[in-house]
Structures are given as structure tokens and as C-alpha cells.
Amino acid sequence: MSEFWLISAPGDRENLQALERMNTVTSKSNLSYNTKFAIPDFKVGTLDSLVGLSDELGKLDTFAESLIRRMAQSVVEVMEDSKGKAQEHLLANGGLKEKMKCLKIDLTSFVTHFEWDMAKYPAKQPLVSVVDTIAKQLAQIETDLKSRTAAYNTLKTNLENLEKKSMGNLFTRTLSDIVSKEDFVLGSEYLITLLVIVPKPNYSQWQKTYESLSDMVVPRSTKLITEDKEGGLFTVTLFRKVIEDFKSKARENKFTVREFYYDEKEIKREREEMARLLSDKKQQYVRPPAALAQGELQRSLHCLDPHQGPESVCGVCAQASVEIPGLQLSNQDYFPYVYFHIDLSLLD
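These numbers were taken from a predicted model, which means no experiment stands behind them.

Caption draft 1: Structural view of the overall build of the protein. Looking only at helices and strands, the protein features eight helices and ten strands. Residue burial in the protein is summarised as follows: out of 348 residues, 40% are buried. Intrachain contacts of the protein at a sequence separation of at least 6 include 77% that bridge at least 24 residues. Split by element, the accessible area of the protein, about 19900 Å² in all, is 51% carbon and sulfur.

What follows is the structure, given as C-alpha cells:
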């Protein structure tokens, strides 16, 4: 991903002189693509208040970046099998224009076409009030993120538990997705259908003996429902009064009666729960757009200098180590510009 530098340099309030000079310098060697980064005139107050605010902004900047990275990581976790495409889903709010408000755009477009939201962050308010508003919104976003993350983790755990029930062997797995209403005698006062797990080597023995394991077993009532590597699940219908006797004789012959009684409402509920969890998981998302927007607003505040003009230039630089004439970026005491690095590599 390209590297972004936000540079605030002195300039005329009525034109784009700083941007024109930047373009002239950088275009010769194709060093960067430059765009205007418009920041309104703030009520910055006294130098002392601005110095104090700078300390607060440093802490807020660290918090904002940490929050944004956590949200990006949440996107990766939610996408699971599509982690390679996570970067495509890190989007920001489209813009302030009416037709753009509902759109989501990539982060590069957001930075290079940045617009200050005067409705949310009035420039007429003292700068400390604007910063306080952003801090509160970041805190709320963090609360929302924690809530959404907890909800997603709960959803994921519940879904995994249901999936585990359908992945075990015939002794432990759920049978609601295997059996059907037609496999059972239902609504009878006297008859009941049981499910019996028979080891594969004993299939023949089962067919020969199940009718005689107890009195009152319905002849030719057995049917193989499903099987796994170890054995098969058979039905057998008998009179309710001999259930316990049949279970005892079945154990003696290494046949296991599975404790399962067909309840159409319960099976329907379980299937609907699985479908709902799968649907909810697909719809789960975190909201990086708002946090990213607030983060960039906060970052732009961090770049303000009361001694500089209003010209701010966002440069997309191909070679960060190149010395740009007129914009000396080496460690010296003073330069007539403010430089700030914007890192959009949230998944690195």
C-alpha cells in the first residue's frame, strides 16, 4: 500500500499555492501524487492552551490508532475463510454530499478526498470542544466494538456447539437432521419406535434376532436409517410395555438403544436455530467506517499548527526515503511546514 504524508505548509488563504509548489517539485521525478486536504479555520486559542491540547491529542491519537487496528482485526476474524479479502472490506463513510452519505469508499479515497464534517464538529467551537467531541465518540465506538465482539463470540460459540452435535458418532451426535417423521410410529397409545445402534459386524445378527429380543416386537419393523464407520442406526417398533425388557436384552447382544423420541416441534426448533445462527453469522459486521472517520478527523487535528497557513497537502508517496527539495524532512530544529504520517496498512 502507498505511504501517505500529511503536510501543512504556509499558503495564501485564497488559492492553492502550496499545492502548486508541491506538484511542481514532486512531478519532475514522479515522487508523489498530491491532493488538497481541507481543514477549516479553528478557534485555536492561546499558545499555552494549544500546547496543553497537543499532549491530549498525542494520547488520543494512540488510542484512535489502536481502536482502528482492533476493528480491522475484527473484520479479519469475522470473515474467517475470506481473510485474504479483508482489506476490501475496510471502508469509510462516502462523504458529506447528500448522494455520497450512504456510500462506503476505500481508505485511500477517503483520505485523498477528505471533507470536514462541520455539522458534527463545528469549527466555530473552541478547539478543545471539538477534540472532546471526537474523544467521546471514539469511546462510544470502543464500547460498541466490545459489545459487537462479545455478541459475535457468543454467536460463534453457540454455532460451533450445534455443529459439534452434528459431527459426532451415532452415540453422541444429534439425530434431528437424520431422522424424519415417516421413520416413527407416532400418536399411538400402545406402540413406540426406538432407535438402535448396531455394530457393523452384527448387522446380520440384528436382522435375525431383533424380533425375538422381547415379546410384542412388531415383525419386519426394522429399517436402516444411516450408518457411520462403526455401525448403523436402525428403527424397531414395539409395544410400550416391553421397552425396558427390550433394552436389557439388546444390551446383552451388544445393541445400544439410543434415547431419542421424535418431537416434531423440538426438531423444528433445533433446525431453525441452526439456520438462524448461520444467517446471523453471515450478517455479523463491525463498523470500521465511523471509527476510521473519527480517527482521521482526530489525526487532522493533530497536524494543526497555529503559526502555519491553512494549506494542507496530502501526498501519496512512492518513495518515503527521498528528500524532496523545499520540504526538508531531516532532523533539524525548524521547518516551515508540519509533517504527519498516515498509516493505512491496518492489517500488517
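After that view, the rundown keeps rolling.
Caption draft 2: The arrangement of the packing of aromatic side chains in detail. Per the stated rule, a full pass over the model turns up eleven aromatic pairs. Aromatic side chains phenylalanine 184 and phenylalanine 260 sit 6.1 Å apart centroid to centroid with 40° between the ring planes, which places their arrangement in the tilted category. You can see phenylalanine 184 sitting in the loop between helix H4 (127-165) and strand E5 (191-199) and its partner phenylalanine 260 sitting in the loop between strand E8 (256-258) and helix H7 (264-283), a full 76 residues away along the chain. Consider the rings of phenylalanine 184 and tyrosine 262, whose centres lie 5.2 Å apart with planes at 35°: the pair is tilted. Taken together, the residues phenylalanine 184 in the loop between H4 and E5 and tyrosine 262 in the loop between E8 and H7 connect sequence positions 78 residues apart. Just as phenylalanine 184 is buried, tyrosine 262 falls in that class too. Grouping aromatic residues by their ring pairs yields a cluster made of Tyr203, Trp206, Tyr210, Phe234, Phe246 and Phe255.

Caption draft 3: Representation of the nonpolar core. Counting 37 residues, the largest nonpolar core has Val111 and Ile342 as its most contacted members. Counting residues per element, the ones that place at least two in this core are strand E1 (3-8), helix H2 (47-79), helix H3 (107-112), H4 and strand E10 (338-342). Among the elements that line this core, the one with the most residues is H2, at eleven residues. Ranked by size, the runner-up nonpolar core spans 18 residues in total, among them Phe234, Leu238, Ile243 and Ala250.

Caption draft 4: Local environment of the confidence of the model for the protein. Per-residue confidence for the protein averages 77 on the pLDDT scale, and 75% of its residues sit at or above 70. Under a pLDDT of 50 for its full length, residues 285-311 has, in the predicted model, 107 contacts with residues more than four places off or in other chains. In the predicted structure, residues 316-330 sits below a pLDDT of 50 and forms 34 contacts with residues beyond four places in sequence or in another chain.

Caption draft 5: Fine view of the side chain of threonine 235. Take threonine 235: it is sitting in strand E7 (residues 231-239). Contacts of threonine 235, omitting those with residues within four sequence positions, involve Asp183, Thr193, Leu194, Leu195, Trp206, Ser221, Thr222, Lys223 and Ile225.

Caption draft 6: Local environment of the packing of H2 against H4. Taken N-terminus to C-terminus, the directions of H2 and H4 make an angle of 25°; their axes are 10 Å apart at the nearest point. Put simply, H2 runs roughly parallel to H4. H2 and H4 meet at a crossing whose hand is left-handed. Only Leu127, Val128, Val131, Ala135, Leu138, Ala139, Ile141, Glu142, Leu145, Thr149 and Tyr152 of H4 make contact with H2, whose side of the interface consists of Leu50, Leu53, Leu57, Leu60, Phe63, Ala64, Leu67, Arg70, Met71, Ser74, Glu77 and Val78. Taken together, the residues of the contact of H2 with H4 sort by class into 18 nonpolar, two polar and three charged.

Caption draft 7: Just H4, in detail. Given a rise of 1.5 Å per residue, 39 residues ought to cover 57 Å, and the 57 Å separating the end C-alpha atoms of H4 matches this to within 8%. Among the residues making up H4, those that are buried are Leu127, Val130, Val131, Ile134, Leu138, Ile141, Glu142, Leu145, Tyr152, Leu155, Leu159 and Leu162.

Parameters at a glance
Residues numbered from 1 in each chain as written. Predicted model: local features only at pLDDT ≥ 70, side-chain atom pairs only at ≥ 80, totals over all residues. Heavy atoms only, no water. Helix = DSSP H or I, 4+ residues; strand = E, 2+ residues; numbered from the N terminus. Buried < 20%, exposed > 50% of the residue type's maximum accessible area, 1.4 Å probe, protein only. Contact = heavy atoms within 4.5 Å. Areas by Shrake-Rupley, 256 points an atom, 1.4 Å probe, with all protein chains shown as cover. Phe/Tyr/Trp six-rings, centres within 6.5 Å; stacked < 30°, edge-to-face > 60°. Core = buried A, V, L, I, M, F, W, Y, C linked by side-chain atoms within 4.5 Å. pLDDT = per-residue confidence, 0-100. Axes fitted to C-alpha atoms, helices over the stretch in contact; angles between N-to-C directions. Parallel < 35°, antiparallel > 145°, perpendicular 65-115°, else oblique. Left-handed = near helix turned anticlockwise from the far one by under 90°. Nonpolar A, V, L, I, M, F, W, Y, C, P; charged D, E, K, R; others polar. Expected span 1.5 Å × (residues − 1).

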